[in-house]
Amino acid sequence: MENTTQISREELEELREAFNKIDIDNSGYVCDYELQDLFKEARLPLPGYKVREIVEKILVAADHNKDGRIDFEEFLSICQELKSKEISKSFRKAINKKEGITAIGGTSEISSEGTQHSYSEEEQVAFVNWINKALKDDPDCKHLLPMDPNDESVFKSVGDGIILCKLINLSQAETIDERVINKKKLTPFTISENLVLALNSASAIGCTVVNIGAQDLRAGRPHLVLGLLWQIIKVGLFAHIEISRNEALITLLEEGEDLEDLMKLSPEELLLRWVNYHLTNAGWQKIGNFSNDIEDSKAYFHLLNQIAPKGIQDDELKIDIDMSGFNEKNDLQRAEFMLQQAAKMDCRQFVTPADVVAGNPKLNIAFVANLFNTYPALNKPNHGYDLAMLEGESREERTFRNWMNSLGVNPYVHHLYSDLADASVIFQLYERIRVPVNWNRVNKRPYPALGGNMKKLENCNYAVDLGKNEAKFSLVGIGGQNLNEGHSTLTLALVWQIMRRYTLTVLSDLGGGEKVNDEIIINWVNATLVAAKKKTSIKSFKDKSICTSLPVLDLISAIAPNAIREEMVRRDDDLSDEDKLNNAKYAISVSRKIGARVYALPEDLVEVKPKMVMTVFACLMGRGMNKVNG
């Protein structure tokens, strides 16, 4: 990094921590509205227009590639250029409200050279305690647990990959086939396999892992380990904070809203609404965030009192919440009294009294999410809503969404259609497939209250125009309005073409720029199978034999000899549905274990979904070509 001597080590550490703190989704970028949040947290005595001016100056000066986002390097360069003591002081105020920031030197093989990194000891304690509790009964983790939350043992314990794999399955069940995890007599090679399996599986559930390698996890690089752990834990915490999985959330509808409005809310927004629903019932004022508004613990006291079991239901034990600590004058002591009540509900997780008083947003969101998952205290309403709307996302939609999120798009995509309605994510994906985007033409967040949707529609029109004229996609009958309104079939048509182009671009790069199409992939698959003297082959991505996963398993064996344990594979002439699914689960997990970043699901192979089948064979072809090139 150039000219880093202009910023002291202490300032660099503070700026990095500030950047990480506002980059809650760990995307590696901050946007204008995230910068505004930081100024608010810093409580600068400036009028709103002045804050906006500062933000605009930073964006104009620092956003070199004009994508409306700033990475840490861009952010640092503008701080160097401006040499602004006021900005540095404001960041220092924002991040020094509590102790517990540890700085480490050195560089990651993957992350930027010469970068100083820091990590939060509070997060370390919170995540370690959560993992200890969640995996305490897992026999495969007994050699690693419990970890001491007050030392650095977590960074060594994740080094063999087992805890990471187990945590991924805890957050999204059966993501990894347990038969594929190396558990005994581990060697450097089998440990590396576990870590690659964990990273590719984390990617498949929507975690951003673009700047993390197996060697980083093996070395226990704290900021990377904690960043990955948070993403995996958050996937699990947020999994059921979604209306299709929890119909009782309809109770949170507000006057004048319909079901569609509620379904567009992110998990964080639903959690906030859930808390306020119970606070209203308690006669207490609503909160607007999980930082400043909860620092006195009083909202938490009322929340716990509302959701604690009342012993009314069968087999329900009553839990009495002692509200006497509510009037304690000392904030830290009041927070401790509140957490003692949470402990009665077995929900004292993620936060310490200091985290509550400091208003740590990440850990407080985790605390509240765990409360919701354990004691939602919502009754299924008697309503006249169309429950067909509550079907939830399809496997295909989930795969597309996880793929986007794994690439680090911002904002994080919670709902495929509503979150693409302004096309900002589409533009980021276009850059990934080398479709040039003129960012000066893109309207950026936050959108005005009046005319905001028109700004989004302009973006969508531009996105479709780029798709047709620059990417040369087939977008017959697709207009910007379809994207803006979340038309499922037409939006999926565009998204699939972007994902397909991305997959083929990766292959083309490995092949020295040679164009790649379906025929080339199929021919390569068959030639590789023949060369390895395998009996399977495929005629197309619709080939019925793919439902057994045997062509995939044989291809893996051809690419990586000894990767497939034959005793795990069923090869009978007439496989049962269960055998087919087990073969598919094994094939997907081993693909990821040998280094293929596969996003498809086992069911896609069993049902021979040609689009997803193509991505599986393409990823394996990429792995095979990597081996040759290596």
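Residues numbered from 1 in each chain as written. Predicted model: local features only at pLDDT ≥ 70, side-chain atom pairs only at ≥ 80, totals over all residues. Heavy atoms only, no water.

1. Observations regarding helix H14 (residues 298–307)
Think of an α-helix as turning once every 3.6 residues; residues three or four places apart then point the same way. Note the following rule: Relative accessibility under 20% of the residue-type maximum defines a buried residue, over 50% an exposed one, and the middle range a partly exposed one, all with a 1.4 Å probe and only protein chains included. In DSSP terms, a helix is any run of H or I states spanning at least four residues, a strand is any run of E spanning at least two, and both are numbered starting from the N terminus. The contact criterion used throughout is that any non-hydrogen atoms of two residues lie within 4.5 Å.
Within H14, 7 of the 10 residues are buried, leaving the element largely enclosed by the surrounding structure. The set of residues buried in H14 consists of Ala299, Tyr300, Phe301, His302, Leu303, Leu304 and Ile307. Tucked inside the fold, the buried residues of H14 contact helix H13 (267–281), helix H15 (331–344), helix H16 (353–358) and helix H17 (361–374).

2. Some details on the confidence of the model for the protein chain
So the rule is basically this: A residue's pLDDT is the confidence the predictor assigns to it, expressed on a 0 to 100 scale.
When pLDDT is averaged along the protein chain, the result is 86; 79% of the residues meet or exceed 70. Predicted confidence is poor over residues 39–48, with pLDDT under 50, and the contacts of this stretch with residues over four places away or in other chains come to 18 contacts. Scored below 50 in pLDDT, residues 82–99 shows 35 contacts in the model against residues more than four places distant or in partner chains.

3. Looking at the packing of aromatic side chains
This is how the line gets drawn: Aromatic contacts are taken between Phe, Tyr and Trp rings whose centres are within 6.5 Å, Trp giving its six-membered ring; a plane angle under 30 degrees counts as stacked, one over 60 as edge-to-face, and the others as tilted. To sit over a ring, a charge needs its Lys NZ or Arg CZ within 6 Å of the ring centre and within 35 degrees of the ring normal.
Scanning all chains against the criterion turns up 11 aromatic pairs. Aromatic side chains Phe127 and Trp230 sit 5.9 Å apart centroid to centroid with 10° between the ring planes, which places their arrangement in the stacked category. On the criterion of sequence distance, the pair formed by Phe127 in helix H6 (residues 121–134) and Trp230 in helix H11 (residues 222–238) is long-range, its members being 103 residues apart. The buried category is assigned to Phe127, whose relative accessible area is 0%. We classify Trp230 as buried; its relative accessible area is 2%. Taking the centre distance of 6.2 Å and the plane angle of 25° together, the rings of Phe541 and Phe617 count as stacked. Separated by 76 residues along the polypeptide, Phe541 in the loop between helix H23 (518–531) and helix H24 (550–559) and Phe617 in helix H27 (residues 610–629) bring together distant segments of the chain. Here the two residues Phe541 and Phe617 agree in accessibility, since each one is buried. The residue whose ring lies beneath Lys234 is Tyr412, and the NZ or CZ to ring-centre distance is 5.7 Å.

4. What about helix H18 (residues 395–406)?
Rules: Here the expected span of a helix is defined as 1.5 Å times the quantity of residues minus one.
In this model, H18 (12 residues) spans 16 Å end to end at C-alpha, consistent with the 16 Å of a helix rising 1.5 Å per residue. The buried fraction of H18 is high, at 9 of 12 residues. Of the residues making up H18, those classed as buried are Glu397, Thr399, Phe400, Arg401, Asn402, Trp403, Met404, Asn405 and Ser406. One or two residues past the end of H18 sits Gly408, with phi positive at roughly 85°.

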